[in-house]
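If you want the building blocks of each chain, they are given just below.
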Amino acid sequence: MLLEGKTAVVTGAGRGIGRAIALAFAGEGANIALAARSEVELEETRCLAAETGSRVIAVRCDVTDPSSVTAMAEVVLAEFGVVDILVNNAGYGKFRPFVELTDEDFTRTIEVNLTGAFRCIKAFLPGMMERKSGRIINVSSVSGLKAINHQSAYCASKHGLNGLSKTLALELRPYNIGVHALCPGGVTTRLSEEEMPERDKSDWMLPEDIAHVALFLASMGPRATTDVIHVRRFGGEPL
Ligand SMILES: NC(=O)c1ccc[n+]([C@@H]2O[C@H](COP(=O)([O-])OP(=O)(O)OC[C@H]3O[C@@H](n4cnc5c(N)ncnc54)[C@H](OP(=O)(O)O)[C@@H]3O)[C@@H](O)[C@H]2O)c1
């Protein structure tokens, strides 16, 4: 098993890509802490992940609230003692022309996708630095690599997340902590269905396709790493 004895925290694990990552990691033997706001969805993921025999806990957490992130980290560390892998996957998008974007749309997008990841990293990094070991996987997007029409706030948040990831990858080298920005193209989830209802998604990726790549990143050996990884559907454009 690739992640036997490891403990992973996955934010936004109630559905979509986060759920698929949690199930993939649990299937490879990791202890898992699931975090999101919806208790019902978290419980569904917890039951599915627990079927693998791994230890799984669900902790309600809103990454836009610093005290909620602190409380989540306390519960996770009390349960598992250490966290080896942090997956910042919680995400939000409001796709519309810039002129229609409100202050609230913009602020919320940055808060969830960028500041939320910052807060979770702050919460779990001290333990990783102390042990000189750890992996941080930030689920970014192709929108963090190029401009996409009607996604100005989302693109800004994901470009920011890539900047944070690359800088941390540099800064945390002496601590043997790998930091990865995982940048998928179109994946069929609630987010893409709600924000791009008009798009034909028949050839889009499934959450499991992204989970497969997250598992690859989480289980890379000690000598090689990758900083920014772009995963696109076959029918999508290469960068
Ligand atoms: N779908 C795509 O095409 C695509 C492509 C590239 C990248 N991504 C990225 O992949 C990640 C997962 O997205 P998805 O497509 O799987 O969307 P999704 O199905 O809507 O799932 C989003 C997850 O994030 C959680 N979340 C949202 N706001 C949160 C908050 N304030 N605090 C804690 N958790 C929060 C949601 O749970 P609650 O609402 O219960 O909190 C949910 O579990 C996101 O970062 C997204 O930007 C998606």
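Refer to the structure printed above.
Predicted model, so just to flag it, every value in this text is computed and none were measured. (Residues numbered from 1 in each chain as written. Predicted model: local features only at pLDDT ≥ 70, side-chain atom pairs only at ≥ 80, totals over all residues.)

Caption draft 1: Inspection of the sheet that holds strand β4 (residues 85-88) at higher detail. Strand order in the open sheet formed by seven strands is β3-β2-β1-β4-β5-β6-β7, with parallel pairing between adjacent strands. Each edge of the open sheet carries a strand with a single partner, namely β3 (56-60) and β7 (228-231). On average, each strand axis in the sheet is inclined to that of its neighbour by 15°, with strand direction left out of account. Relative to β3, strand β2 (residues 31-36) is paired through five bridges, and the arrangement is parallel. Across the sheet, the residue bridging to Ala33 is Ile57, located in β3. Each of β1 (7-11), β2, β3, β4 and β5 (134-139) touches helix α1 (residues 16-27); the most contacted strand, β1, lies at about 170° to it. (Pairing = 2+ DSSP bridges. Helix = DSSP H or I, 4+ residues; strand = E, 2+ residues; numbered from the N terminus. Axes fitted to C-alpha atoms, helices over the stretch in contact; angles between N-to-C directions. Contact = placed C-beta atoms within 7 Å.)

Caption draft 2: Summary view of the site of the ligand. The full set close to the ligand counts 29 residues, and Gly12, Gly16, Arg37, Ser38 and Gly91 are the nearest of them. Counting only elements with at least two residues in the shell around the ligand, the list comes to α1 and α6 (190-195). For the shell around the ligand, a count of residues per class yields 11 nonpolar, 13 polar and five charged. (Near = placed C-beta within 6 Å. Nonpolar A, V, L, I, M, F, W, Y, C, P; charged D, E, K, R; others polar.)

Caption draft 3: Inspection of the pairing of β4 at higher detail. Of the two faces of β4, both are covered, the one formed by Ile85 and Val87 as well as the one formed by Leu86 and Asn88. Direction of pairing for β4 relative to β5: parallel, over a ladder of four bridges. The residue of β5 that forms the bridge with Ile85 is Arg135. Remark: the β4/helix α4 (residues 103-131)/β5 crossover connection has right-handed handedness. (Buried ≥ 20, exposed ≤ 12 C-beta atoms within 10 Å, placed from the backbone. Right-handed = clockwise from strand over helix to strand, strands pointing away.)

Caption draft 4: Molecular detail of α4. Spanning 29 residues, α4 covers 41 Å between terminal C-alpha atoms, matching the ideal 42 Å at 1.5 Å per step. Along α4, the sharpest kink reaches roughly 45°, centred on Phe124 and followed within four residues by the proline Pro126. Buried residues of α4: Thr109, Val112, Asn113, Leu114, Gly116, Ala117, Arg119, Cys120, Ile121, Ala123, Phe124 and Met128, and no others. Tucked inside the fold, the buried residues of α4 contact β1, α3 (66-80), β4, β5, α5 (152-171) and β6 (177-184). (Expected span 1.5 Å × (residues − 1). Bend = angle between axes of the 7 residues up to and from the residue.)

Caption draft 5: Examining the nonpolar core more closely. Grouped together as the largest cluster of nonpolar side chains are 65 residues, with contacts concentrated most on Phe25, Ile32, Leu34 and Ala214. In this view, Ile32 contacts Ala8, Val10, Ala22, Phe25, Ala26, Ala49, Ser54 and Val56; residues no more than four positions away in its chain are not counted. (Core = buried A, V, L, I, M, F, W, Y, C linked by C-beta atoms within 7 Å.)

Caption draft 6: Representation of the packing of α1 against helix α2 (residues 39-50) within the structure. Running from amino to carboxyl end, α1 crosses α2 at an angle of 25°, the nearest separation of the two axes being 9 Å. What the angle tells us is that α1 and α2 run roughly parallel. The way α1 lies across α2 gives a crossing that is right-handed. On the side of α1, the interface is formed by Arg19, Ala22, Leu23 and Ala26, while α2 contributes Thr45, Leu48 and Ala49. Classifying every residue of the contact of α1 with α2 gives five nonpolar, one polar and one charged. (Parallel < 35°, antiparallel > 145°, perpendicular 65-115°, else oblique. Left-handed = near helix turned anticlockwise from the far one by under 90°.)

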